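One letter stands for each residue in the lines below.
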Amino acid sequence: MSSCRLTVSIDSTLRDERERTQKSTLTSAAVICGGSAIPRPERQLDAWLRECRMRRIPLICIGSGTVVVARAGLADGRRCAVHWEQLPLFCEQFPGIESTQTAFEHDGDLHTCSGGDASFDMFLHLVERDHGSVVVNRICEKAIAFRMRSAGDRQRLPLHSRVQLNHKAVMKVIGLMEASLDDPMPVDDLVALSGISRRQIERLFERELGRSPNRYYLELRLERAHLLLVSTNLPVVEVAVACGFISPSHFSKVYREAYGCAPHQTRLAARASGRSHQMNPALGLDLAGTSQRRFSMAG
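Residues numbered from 1 in each chain as written. Predicted model: local features only at pLDDT ≥ 70, side-chain atom pairs only at ≥ 80, totals over all residues. Heavy atoms only, no water.

**Some words on the overall build of the chain**
The test is simple: Each helix corresponds to a stretch of at least 4 residues labelled H or I by DSSP, and each strand to a stretch of at least 2 residues labelled E; elements are numbered beginning at the N terminus. Only protein chains enter the accessibility calculation, which uses a 1.4 Å probe. A residue is then buried if its area is under 20% of the maximum for its type, exposed if over 50%, and partly exposed in between. By definition in these notes, contact holds between two residues if any of their heavy atoms fall within 4.5 Å. Accessible surface is estimated by sampling points in the Shrake-Rupley manner with a 1.4 Å probe; for residues, cover comes only from the protein chains shown.
Across its full length, the chain holds 14 helices and 6 strands. Counting over 299 residues, the chain shows a buried share of 43%. Of all intrachain contacts in the chain linking residues separated by at least 6 positions in sequence, the fraction that spans at least 24 positions is 66%. Counting only carbon and sulfur atoms, one obtains 52% of the accessible surface of the chain, whose full area is about 15900 Å².

See below:
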């Protein structure tokens, strides 16, 4: 059953599919679907996916289906698109995977997308690879699709942006910020990599986003912290460390200023309303020692 309560019927059991895979070479791909809730571990499913990999059957992951493949050990060292809500926890659990906040990614025979209409974009690229652009154009006409995103395109607009940002320097700085939330870089270092001056970056951020680079960076880290609080059982101190705050007291202070409540109150409210996705038990987290890591805090 999907998250919108749509029931999808099945044609055969997983056992039957495994037997069919072993006897035939006709399987062109295995598609693993997932939504906002992460599927619980299933040994038979993991075994079947490993058999698909051994037979060089491409794996196509939608939404949290990427977690299933990662958990089976089939995405190590690969580049995977992960939904932005699941990205913080995914990075913590699977540090050996190059996880990205993009619409979809192709890495060899592993194809991943963040879900939603990014699934359509990803499959159009697979169709174009096998059948050419003419077929893709006909599909887009039939589906009234205005554009097709490319692999590596952003999932969403930057925080607080009401229009698509086109300034390459600003997007580069934002990308660097998003890639270093657990170990924040000094803003001066980020600016140096952008190719323009600190004053220009400050002016562009104020114009496009209505805030300074320092403030924007802080809000990105607080958003990551919020997602970890509502989706995991990670202790608050470990959430603080995972988001680049060396002092739990400072983390609590700035979090309260941003969200109007303490971190532990956010978690309690999420549990009470049933909004927690219960990612932690499903992933089988083993984050012992996370709080021992030390980071410097920028801004």
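**Remarks on the environment of E208**
Heads up, the condition is: Counted as a polar contact is a pair of N or O atoms within 3.5 Å, where, for protein atoms, one must be capable of donating a hydrogen and the other of accepting one, and residues adjacent in sequence contribute only when both atoms are in side chains.
Mapping E208 onto the fold places it in helix 9 (residues 198–209). Residues E208 and H167, spaced 41 residues apart in sequence, show a C-alpha to C-alpha distance of 9.4 Å. Engagement of the side chain of E208 in a polar contact is seen with the side chain of R207, the distance being 3.1 Å.

**Things to note about the packing of helix 7 (residues 168–179) against helix 10 (residues 213–231)**
Basically, it comes down to this: To get an axis, fit a line to the C-alpha atoms, keeping to the stretch in contact for a helix; angles then go from 0 to 180 degrees between the N-to-C directions. Definitions for this section: a left-handed crossing has its near helix turned counterclockwise from the far helix by less than a right angle. A right-handed crossing has that turn clockwise.
Between helix 7 and helix 10, whose axes approach to 10 Å, the crossing angle comes to 40 degrees. When the axes of helix 7 and helix 10 are compared, the crossing they make is right-handed. In this structure, helix 7 contributes I174, M177 and E178 to the contact, and helix 10 contributes P213, Y216, Y217 and L220.

**Remarks on the pattern of salt bridges**
This is how the line gets drawn: Each reported salt bridge corresponds to a side-chain nitrogen of Lys or Arg within 4 Å of a carboxyl oxygen of Asp or Glu.
For the structure shown, the criterion picks out 15 salt bridges. A salt bridge links E141 to R138, with the nearest nitrogen and oxygen atoms 3.8 Å apart. Of this pair, E141 and R138 both sit in helix 6 (residues 133–143), 3 residues apart, which is roughly one turn of the helix. The exposure class of E141 is exposed, given its relative accessible area of 54%. One network of salt bridges, in which partners are shared, links R53, R78 and D109.

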